[in-house]
Amino acid sequence: MAKLIVCGSVNMDLSIQVDRMPQAGETLTGSGFMTTPGGKGANQAVAASRLGAPVTFIGAVGDDAFGHELRATLEADRIDTCHLSQSTLSTGTAIILRCNAENRIILNPGANGGFGSGFVREALDSLAEPQDMALTQFECAPEAVRTFIRTGHELGLYTMTNPAPAAPMDDEMLSCCDLICLNETECEIVCGILPTSLAQCEAAAAKLHEAGVRQVVITLGERGAYGSARTSDDWLLSPMESAVGATSLDLSTQLVEALPVEAVDTTAAGDTFLGALAAARLEGLSFFDALAFATRASALTVTRLGAQVSIPYREELT
Ligand code: RIB
């Protein structure tokens, strides 16, 4: 059976609720302190697994209490951790301030930044079957991320990239991405276009398609998610099978509306969206049905506190 291979970060999230963000030099009293599993890579892997995908993880944790706990929680979510290495660096941590359902995050990458191209290439070479999918984000060392995307592409995997935290992408990297999913900030940094209107979403997607990206998703928060595909049935094809030329602009596009929910914490909403999208492709859903499925999954996530603890299970989405 086809599986999802996620390469990415694993963090322990230390989060606290505040009524407002502190000023420079100011000490505020918060509440609701939580120590919970997170990290964009691990969150995406957990979402995909809870929503039905077989998942293998490539990454690193430290030989410390957080690292042992995070490895165990990934395994409890039925994620294969054979390629989760134990680093001499400390486990990644994220300090999160939650305020009015939004957050501010400060990362200490630790072990996430300590593995490189050789480790990633070796793991992918030993794991990947042509029908598999590869998913990554930008919380690990840039050369490790680039190698994962490029090697996944060379091996013929369907590659999904979430450029978060936002960083520019060059043409070579873009040409190795089957799907890119970005939020508004990431879209501005990657494409130079802030997608505040449908026309701007179309312009950003056109740029990415021209660079070789087959499917583009722009998440727009309360405005929903914009999807653009080089023909509507191209999404389920492997890169080898995809008959559409790299320059084809025969596009299918749709804006999938967000679900009205009472948001309490947006942490991991984007990660849930990505994991759900990957699980939906493995399940054989059409591109726009997959967007609707991912929208529902991330809507549930924002109604709960925390990262992985807030990610829904398959039975909650039926
Ligand atoms: O996307 C949310 C995640 O970002 C958190 O879990 C935190 O670890 C940071 O990586």
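Structure: above.
Quick summary incoming for the structure in this document. (Residues numbered from 1 in each chain as written. Predicted model: local features only at pLDDT ≥ 70, side-chain atom pairs only at ≥ 80, totals over all residues. Heavy atoms only, no water.)

## Looking at the sheet that holds strand 7 (residues 102-108)
Part 1 of the reasoning: The four strands lie next to each other as 3-2-6-7, forming an open sheet whose pairing is mixed. Where the open sheet ends on each side, the last strands, each with one partner, are strand 3 (31-38) and strand 7. Ignoring strand direction, the axes of neighbouring strands in this sheet form an average angle of 20°.
Part 2 of the reasoning: Note: strand 2 (residues 11-17) against strand 3, six bridges, orientation antiparallel. In the strand pairing of strand 3, Ser15 is matched with Met34.
Part 3 of the reasoning: Packed on one face of the sheet, helix 2 (residues 65-76) meets strand 2, strand 3 and strand 6 (92-99) and runs near 100° to strand 2. (Pairing = 2+ DSSP bridges. Helix = DSSP H or I, 4+ residues; strand = E, 2+ residues; numbered from the N terminus. Axes fitted to C-alpha atoms, helices over the stretch in contact; angles between N-to-C directions. Contact = heavy atoms within 4.5 Å.)

## Describing the packing of helix 8 (residues 269-283) against helix 9 (residues 287-301)
Part 1 of the reasoning: At a closest axis distance of 8 Å, the pairing of helix 8 and helix 9 adopts a crossing angle of 145°. Taken as a pair, helix 8 and helix 9 cross one another with a handedness that is right-handed. Between helix 8 and helix 9, the contacting residues are Ala269, Thr272, Phe273, Ala276, Leu277 and Ala280 on the first element and Ala290, Leu291, Phe293, Ala294, Thr295, Ala297, Ser298 and Thr301 on the second.
Part 2 of the reasoning: Among the residues forming the contact of helix 8 with helix 9, the class breakdown is 10 nonpolar, four polar and no charged. (Left-handed = near helix turned anticlockwise from the far one by under 90°. Nonpolar A, V, L, I, M, F, W, Y, C, P; charged D, E, K, R; others polar.)

## A short note on the site of the ligand
Part 1 of the reasoning: Around the ligand, a shell composed of 14 residues is seen, among which Asp13, Gly39, Lys40, Glu139 and Asp271 lie nearest.
Part 2 of the reasoning: Between an oxygen atom of the ligand and a side-chain N or O atom of Lys40, the distance comes to 2.9 Å.
Part 3 of the reasoning: Contacts to the ligand include Asp271, whose side-chain N or O atom sits 2.7 Å from an oxygen atom.
Part 4 of the reasoning: Within the complex, the protein chains bury 96% of what would otherwise be the 280 Å² of accessible surface of the ligand. (Near = heavy atom within 4 Å. Polar contact = N/O pair within 3.5 Å; in protein donor to acceptor, adjacent residues only side chain to side chain. Areas by Shrake-Rupley, 256 points an atom, 1.4 Å probe, with all protein chains shown as cover.)

## Considerations on the packing of helix 3 (residues 117-127) against helix 4 (residues 142-154)
Part 1 of the reasoning: Relative to each other, helix 3 and helix 4 sit at 30°, their axes nearing to 8 Å. By the criterion of interaxial angle, the relationship of helix 3 to helix 4 is roughly parallel. Every pair of crossing elements has a handedness; the one defined by helix 3 and helix 4 is right-handed. When helix 3 is examined against helix 4, the residues Ser117, Val120, Arg121, Leu124 and Asp125 are found in contact with a partner set consisting of Glu143, Ala144, Thr147, Phe148, Thr151 and Gly152.
Part 2 of the reasoning: The residue inventory of the contact of helix 3 with helix 4, partitioned by class, reads four nonpolar, four polar and three charged. (Parallel < 35°, antiparallel > 145°, perpendicular 65-115°, else oblique.)

## Overview of the nonpolar core
Part 1 of the reasoning: Met160, Leu179, Phe273 and Leu277 are the most contacted members of the largest nonpolar core, which totals 45 residues.
Part 2 of the reasoning: Here Leu277 is in contact with Met160, Leu179, Val217, Trp235, Ala290, Leu291 and Ala294, once residues within four sequence places are set aside. (Core = buried A, V, L, I, M, F, W, Y, C linked by side-chain atoms within 4.5 Å. Buried < 20%, exposed > 50% of the residue type's maximum accessible area, 1.4 Å probe, protein only.)

## Looking at the packing of aromatic side chains
Part 1 of the reasoning: Summed over the entire model, instances satisfying the criterion amount to four aromatic pairs.
Part 2 of the reasoning: Ring plane angle 55° and centroid distance 5.0 Å describe the contact between Phe287 and Phe288, whose orientation is recorded as tilted.
Part 3 of the reasoning: For Phe288, a relative accessible area of 14% gives the class buried.
Part 4 of the reasoning: Of the aromatic side chains, those joined through ring pairs into one cluster are Tyr158, Trp235, Phe287 and Phe288.
Part 5 of the reasoning: Stacked on the ring of Trp235, the Lys or Arg Arg281 has its end atom at 5.9 Å from the ring centre. (Phe/Tyr/Trp six-rings, centres within 6.5 Å; stacked < 30°, edge-to-face > 60°. Lys NZ or Arg CZ within 6 Å of the ring centre and 35° of its normal.)

## Overview of the state of the cysteines
Should the sulfur atoms of two cysteines be covalently bonded, the bond is a disulfide.
Part 1 of the reasoning: According to the stated counting rule, one finds zero disulfides in the structure shown.
Part 2 of the reasoning: Considering cysteine sulfurs only, Cys140 is the nearest to Cys7, which forms no disulfide, with 5.6 Å between them.
Part 3 of the reasoning: Judged by its relative accessible area of 1%, Cys7 falls in the buried class.
Part 4 of the reasoning: The thiol of Cys201 is not disulfide-bonded; the next cysteine sulfur, from Cys187, is found 6.8 Å away. (Disulfide = S-S within 2.5 Å.)

None of this, on its own, says anything about what the molecule does.
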